[in-house]
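# Geometric and topological summary
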Amino acid sequence: LHRGRSRPGGGPADPLGSGQGLYYHRQDSGRKITREFCPNCGAPLFTRAEKYPDAVFLKAGSLDEPQQIKPSCQTWTKRAVPWAHIDERLPCFPEGRPTGKE
């Protein structure tokens, strides 16, 4: 995932979603994004997007064995930093993945 707005955050939060210390913001489209963090260290754990109500985006870096996860696509590639590896064998989306509901 290559997304400039993924960088804000930090500080204590509630990864179970009780509403305390969660980071919310509105995308350019006006849809809400919720980011959830570890209550002990502030590391990002999950993202929920209003556009994808049935999905929870887990941060691979929060896993004990992230190498076990295989990506199915790459999103927000138009915002990738110049040194990021874009694997052309995977489906790539310049912005978010289409929902088919627009």
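What comes next concerns the included structure. Quick caveat: nothing in here was measured; it's all calculated off a predicted structure.

## Structural notes on the overall build of the protein
Helix and strand counts for the protein come out as zero helices and six strands. Beginning at the N terminus, the succession of helices and strands in the protein can be written as β-β-β-β-β-β. Per-residue burial for the protein yields a buried fraction of 26% across its 102 residues. Here the protein has roughly 7200 Å² of accessible surface; of this, 53% comes from carbon and sulfur atoms.

## Observations regarding the packing of aromatic side chains
Remark: the centre distance and the inter-plane angle together describe each pair of aromatic rings, the angle taken between the planes. One pass over the full model with this rule turns up one aromatic pair. The interplanar angle of 80 degrees and the centroid separation of 5.7 Å between the aromatic rings of Y52 and F57 together place this pair among those described as edge-to-face. A relative accessible area of 37% means that F57 is categorised as partly exposed.

## Notes on the side chain of Q74
Inspection of the secondary structure assignment puts Q74 in strand β5 (residues 74-75). Here D87 takes part through its backbone oxygen, which lies 3.1 Å from a polar atom of the side chain of Q74.

## A few points about the side chain of T47
Positionally, T47 belongs in strand β3 (residues 44-49). Engagement of the side chain of T47 in a polar contact is seen with the side chain of R35, the distance being 3.3 Å. At 2.8 Å, the side chain of T47 and the side chain of K59 are in polar contact. Discounting chain neighbours no more than four positions away, the residues touching T47 are I33, T34, R35, V56, F57 and K59.

## Regarding the pairing of β3
With five bridges joining them, strand β2 (residues 32-37) and β3 adopt antiparallel strand pairing. Following the sheet pairing, I33 is matched in β3 by A49. With antiparallel pairing between neighbouring strands as the criterion, β2 and β3 make up a hairpin whose turn holds six residues, including G42 at a positive phi of roughly 85 degrees. Taken together, the three bridges between β3 and strand β4 (residues 52-58) define a ladder with antiparallel strand orientation. Across the sheet, residue A49 finds its bridge partner in β4, namely Y52.

## Considerations on the pattern of salt bridges
The final tally for this structure, using the stated rule, is three salt bridges. A salt bridge links E36 to R48, with the nearest nitrogen and oxygen atoms 2.4 Å apart. Of this pair, E36 sits in strand β2 while R48 sits in strand β3; the two residues are twelve residues apart in sequence, bridging distant segments of the chain. On the basis of relative accessibility, which here comes to 2%, the residue E36 falls in the buried class. On the basis of relative accessibility, which here comes to 35%, the residue R48 falls in the partly exposed class.

## Regarding the environment of Q27
Mapped onto the fold, Q27 is located in the loop between β1 (23-26) and β2. Under the relative-accessibility criterion, Q27 is labelled buried at 17%. With 22 residues separating them along the chain, Q27 and A49 place their C-alpha atoms 9.4 Å apart.

About the cut-offs
Residue numbering note: each chain is counted from 1, following its sequence as written. Given that the model is predicted, a residue must reach a pLDDT of at least 70 before its local features are reported, and side-chain atom pairs must reach 80 or more before they are shown or counted; all residues, however, enter totals for whole chains, interfaces and linings. As a convention, hydrogens and water are excluded, and side-chain values are obtained from all of the structure's heavy atoms. A run of H or I in DSSP counts as a helix once it spans at least four residues, and a run of E counts as a strand once it spans at least two, with each numbered from the N terminus. Here's how the labels work: a residue is buried when its accessible area is under 20% of the maximum for its type, exposed when over 50%, partly exposed in between, all with a 1.4 Å probe on protein chains only. Computed by Shrake-Rupley with a 1.4 Å probe, the accessible areas treat only the displayed protein chains as cover when residues are assessed. Between the rings of Phe, Tyr and Trp (Trp by its six-membered ring), a pair exists once the centres lie within 6.5 Å; its type follows the angle of the planes, with under 30 degrees stacked, over 60 edge-to-face, and the other angles tilted. Contacts described as polar in this section are N or O atom pairs within 3.5 Å, which, within protein, must combine one atom able to donate a hydrogen with one able to accept it, while residues neighboring in sequence count only if both atoms come from side chains. When checking whether two residues touch, look at their non-hydrogen atoms; a contact exists if any pair is within 4.5 Å. In short, DSSP must find at least two bridges between two strands for them to pair. The salt bridge criterion pairs a side-chain nitrogen of Lys or Arg with a carboxyl oxygen of Asp or Glu, the two atoms within 4 Å.

Scope: geometric values only; no functional claims are made or implied.
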